[in-house]
Amino acid sequence: MRSTLTLAKALNTGLRTAMAADDKVVVMGEDVGRLGGVFRITEGLLADFGEARVIDTPLAESAIIGTAIGMAMRGFRPVCEIQFDGFVYPAFDQIVTQLAKIHYRTRGRVRVPVTVRIPFGGGIGAVEHHSESPEAYFCHTAGLKVVACSSPTDAHTMIQQAVAADDPVIFFEPKRRYWEKGDVETDEPLAGAIPLHTSRVVRTGDDATLVAYGPMVRTCLDAATAMADEGRELEVIDLRTLSPLDLTPVLASVRRTGRCVVVHEAPSNVSLSAEIAARVSEAAFYSLEAPVLRVTGYDTPYPPARLEEHYLPDVDRVLDAVDRSFQY
Amino acid sequence: MSVPDTKPVPDPESVPGSDRPNNILPPVPPVPRDPDDARDGDPGLVRLLTPDGKRLPDRTYDPYLSDLTDADLYGLLRDMVIARRLDEEATALQRQGELGLWASLRGQEAAQVGSARALRDDDMVFPSYREHAAAWCRGVDPLDVLSLFRGVTHGGWDADKHGFQCYAIVVGSQALHATGYAMGVSRDHAWSTAGTSTSTSTSNGQGRGRGRGMSATLVYFGDGASSQGDVNEALNWAGVFEAPVVFFCQNNQWAISEPARRQSRAPIYQRASGFGIRGVQVDGNDVLATLAVTRWALDSARRGCPTLIEAVTYRMGAHTTADDPSRYRHAEELTQWGQRDPVQRMTAYLRDRGLLDDAAAAALDAEADTLAATVRKRCLRLPDPSPHSLFDHVYVDEPETLRAARDAYLEIEPSPATLEPRKAN
């Protein structure tokens, strides 16, 4: 059935489907039960699945992940909500030291299929610690898989795929896009969906390649629309998977366009864009007409809300980078 | 000319703020906790055997030992003697360069054997990294423990088969895993009794052995780990969710060089009341007391009442073979604790009861020697893992990028057949 859903509702619907499909799926986090989550992603799940499977937890992020690991060792499939990006750090040790390494440590004997949902990114006028983009920390750690959805359609399938995956998945949700709407096939079987760890072209073009994920996909699509008015066609690629990276569509595109601009909200220093620039340079060196350019947040802490429009990449900054790319 | 320092040098053992006139902190209990004088200040410490092996009657805990046969009592001593002998062998292997490191359990045999022998087969243990005697009791091959310290593997045994998870090196991290596991057990139990679960787990209900009710989870950690946030979060969660878990803290008085007093102003077991669960302090060098107290706590856990047990014991050796305790503790302390040796205590008790004579003691030592020699031989024969296994098991569903990295590595790495064989021992 095709419905027009917000990204938030698409996640909610996907989670509900995942819980109905497998009674070992449990949802846990702060305010996920009675309230339905501060962004209402888990709304109605408590009523439908009960307290044993939708667990309002004490306010302790390390314990949310740590006990989820224990439940996974017992055969459960926990989906943890970290309320905001900037609150994940108390759980960082459990994620990096335990969740990522248990399968390797036990030579494959113990699986920990935990999904960690993290609303991330800025643009909602929030107070400190509510607007961060910590994805690179997790991509740096072997044993974790990291994804970011950008649209209601993807959100609906990707959350189900993440929950069904046997590896731990850090699932980034673009919180400022929670209320954007899109068409979702709510009863489409997962089997037919494109695999979770696949990047894809979301707008075709031959003049330059824009690479983005999460909230910046919309920004890049808007930039491409603006550029089309000037007669240049930008190809936009939604990475979707941040670790492992799937650069196949990126390389195919760059070999055609010769120009590549990578866009994310996270700071640039030792970031995903640095990794992508390095890999594109290694794999498509002779196709490049210009160096891979980057449009990112600045190497500062996330600023107060009244400054965030200066911090966050926007259409102008993306187009400026594209212009610079064309100048080579 | 040096300027005299007008500030008094602070005593590192003094209580912060105690020099302030309005200090309202309650009096500090004796530090470190000394089982010999515990009855004076705190009637809570459970002891069933005196250091010279005399049995103390205890109305609360005696019923938890009433089913023990003479063979069971001998078995407890046998576990401890073997654990100590294997520990000595492992230390020797490390000194000879055959293990990279060894964390000796010497002195903690009673705490581990008593608690581990209280478990049912269907219970699950989350150990720290010094629980070699507990591993022995759970049927883990000693060679698998050695393989960890030899650098052959990060985790050497099948956790489900033994009801004994892999060692946790980051102290305290496993307390949360144990609590989460226990929450899973209680869910399985509720669903199986309600008949609504599709669970395929085989250990979700009435287990074998003593005690009724659901499987329990037991987590080992130390006085050092008791300071970690994860341990305190776990205690809190266990209380909130009424998880079937027993927290077994071996307070061995030292976290490398830091005395227990540096970890906590109050005795560790007293924290339990703040989390709404029960706390018990037990003489950790008394195998009968740790067995009885742990059985009691496990029975409570099976009904959804978690317990924090603080076993007061002593790390007689170094923290690990890389440590030199003479830098931070006095020899007299070791002598003092040597008089409370857990193995000697049980030996004296069994001799008193006529369950052990010189011949039987010698036979037990010989059995332990033989086992140690066998384990040594097998340890020396442990093959290094294949270099080709470097990339294995990072993921269940291996990404193409990792496959490509392995392929690139294999192009520069000679095949195992052409590698120089490891020097024969």
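Residues numbered from 1 in each chain as written. Chains lettered and ligands numbered in written order. Predicted model: local features only at pLDDT ≥ 70, side-chain atom pairs only at ≥ 80, totals over all residues.

The next thing to look at is the overall build of chain B. Looking only at helices and strands, chain B features 15 helices and seven strands. The buried share of chain B, reckoned over its 425 residues, is 45%. Counting contacts in chain B only where the partners sit at least 6 residues apart, residues at least 24 apart contribute 76% of the total. (Helix = DSSP H or I, 4+ residues; strand = E, 2+ residues; numbered from the N terminus. Buried ≥ 20, exposed ≤ 12 C-beta atoms within 10 Å, placed from the backbone. Contact = placed C-beta atoms within 7 Å.)

So, on to the pairing of strand β7 (residues 307-312) of chain B. Residues and elements named next belong to chain B. Counting buried positions over the six residues of β7 gives six, a clear majority of the element. Side-chain alternation along β7 places Thr307, Ile309 and Ala311 on one buried face and Leu308, Glu310 and Val312 on a second face that is also buried. Taken together, the six bridges between strand β3 (residues 245-251) and β7 define a ladder with parallel strand orientation. Residue pairing in the sheet places valine 246 in a bridge with threonine 307 of β7. Bridging between strand β6 (residues 278-283) and β7 involves six bridges; their strand directions are parallel. Bridged to valine 280 within β7 is isoleucine 309. The parallel pair β6 and β7 is bridged by helix α11 (residues 287-301), and the resulting crossover is right-handed. (Pairing = 2+ DSSP bridges. Right-handed = clockwise from strand over helix to strand, strands pointing away.)

The next thing to look at is the nonpolar core. Within the largest apolar cluster, 201 residues are counted, with the highest numbers of intra-cluster contacts made by Val147, Leu210, Cys220 and Val261 of chain A together with Ile309 of chain B. The element contributing the most residues to this core is α11 of chain B, with 10 residues. When near neighbours in sequence (up to four residues on either side) are disregarded, valine 261 of chain A contacts Ala208, Leu210, Leu293, Val295, Val318, Ala321, Val322 and Ser325 of chain A. (Core = buried A, V, L, I, M, F, W, Y, C linked by C-beta atoms within 7 Å.)

Each side of the interface is counted separately: chain A has 36 residues, and chain B has 35 residues. Elements with a contribution of two residues or more to the side of chain A that touches chain B: α3 (61-73), α4 (92-99) and α5 (102-105) of chain A. Here the residues of the side of chain A that touches chain B sort into 15 nonpolar, 13 polar and eight charged. (Nonpolar A, V, L, I, M, F, W, Y, C, P; charged D, E, K, R; others polar.)

Let us now look at the confidence of the model for chain B. Residues and elements named next belong to chain B. Chain-level pLDDT for chain B is 88 on average; 83% of the residues reach the 70-or-more range. Low pLDDT, under 50, characterises residues 197-209; the predicted model gives this stretch 28 contacts beyond four residues in sequence or across chains. Here the prediction assigns the complex a pTM of 0.92, and the interface score ipTM is 0.96. (pLDDT = per-residue confidence, 0-100.)

Residues and elements named next belong to chain A. The five strands are arranged β9-β11-β10-β13-β14 in an open sheet whose pairing can be described as mixed. What marks the edges here is a single partner per strand, and that holds for β9 (200-203) and β14 (293-297). Between one strand axis and the next, the sheet turns through 30° on average, direction left out of account. Of the strand pairs in this sheet, strand β10 (residues 208-212) and strand β11 (residues 234-238) are connected by five bridges, and their pairing is parallel. Bridging across to β11, alanine 208 finds its partner in leucine 234. Against the sheet, helix α8 (residues 216-228) touches β9, β10, β11 and β13 (260-267), its axis set at about 170° to β11. Strand contacts of helix α10 (residues 272-283): β10, β13 and β14, with the helix running at about 160° to β13, the strand carrying the most contacts. (Axes fitted to C-alpha atoms, helices over the stretch in contact; angles between N-to-C directions.)

Before going further, it helps to spend a moment on unusual backbone geometry. Trans peptide bonds make up most of the peptide bonds, and negative phi angles are found at most residues other than glycine. For the bond running from serine 243 of chain A to proline 244 of chain A, omega is 0°, close enough to zero to count as cis. Phi angles above zero are rare outside glycine, and glutamate 242 of chain B is one such case at about 50°. Mapped onto the fold, glutamate 242 of chain B is located in the loop between α8 (229-241) and β3. In the Ramachandran plot, glutamine 253 of chain B falls in the positive-phi region, its phi being about 75° despite a non-glycine side chain. In this structure, glutamine 253 of chain B sits in the loop between β3 and β4 (254-255).

Residue and element names in this part refer to chain B. Running from amino to carboxyl end, helix α2 (residues 70-95) crosses helix α14 (residues 358-380) at an angle of 40°, the nearest separation of the two axes being 9 Å. Considering the angle they form, α2 stands oblique to α14. As α2 packs across α14, the resulting crossing turns out to be right-handed. Packed against α2, whose contacting residues are Arg78, Val81, Ile82, Arg85, Leu86, Glu89 and Leu93, the element α14 presents Leu364, Asp365, Ala368, Asp369, Leu371, Ala372, Val375, Arg376 and Cys379 at the interface. When grouped by side-chain class, the residues that make up the contact of α2 with α14 number 10 nonpolar, no polar and six charged. (Parallel < 35°, antiparallel > 145°, perpendicular 65-115°, else oblique. Left-handed = near helix turned anticlockwise from the far one by under 90°.)

Residues and elements named next belong to chain A. Direction vectors running N to C along α3 and α4 enclose 30°, while the axes themselves pass 7 Å from each other. The pairing of α3 with α4 is recorded here as roughly parallel in orientation. The residues of α4 that touch α3, namely those facing Ser62, Ile65, Gly66 and Ile69, are Asp93, Gln94, Ile95, Gln98 and Leu99.

Let us now look at the sheet that holds β3 of chain B. Residue and element names in this part refer to chain B. The strand order across the open sheet formed by five strands is β1-β2-β3-β7-β6, and the pairing between neighbours is parallel. Two strands bound the open sheet, and with one partner strand each, they are β1 (124-126) and β6. Here the average twist between neighbouring strands, direction ignored, is 20°. In this fold helix α7 (residues 173-194) packs onto β1, β2 (217-222) and β3, with an angle of close to 170° to the strand it touches most, β2.

Attention shifts here to α3 of chain A. Since the α-helix advances by 3.6 residues per turn, residues separated by three or four positions end up pointing in the same direction. Compared with an ideal rise of 1.5 Å per residue, which puts 13 residues at 18 Å, α3 of chain A spans 19 Å between its outermost C-alpha atoms and is within 8% of the ideal. When you tally the buried positions in α3 of chain A, you get 13 out of 13 residues, the bulk of the element. (Expected span 1.5 Å × (residues − 1).)

Let's shift gears to the environment of valine 202 of chain A. Residue and element names in this part refer to chain A. By the element assignment, valine 202 lies in strand β9. We classify valine 202 as buried; it has 21 C-beta atoms within 10 Å. For the pair formed by valine 202 and glycine 70, sequence separation is 132 residues and the distance between their alpha carbons is 39 Å.

Further remarks concern helix α3 (residues 109-116) of chain B. Of all eight residues making up α3 of chain B, eight are buried, and the element is well covered by its neighbours. Restricting attention to buried positions, one finds in α3 of chain B the residues Glu109, Ala110, Ala111, Gln112, Val113, Gly114, Ser115 and Ala116 of chain B.

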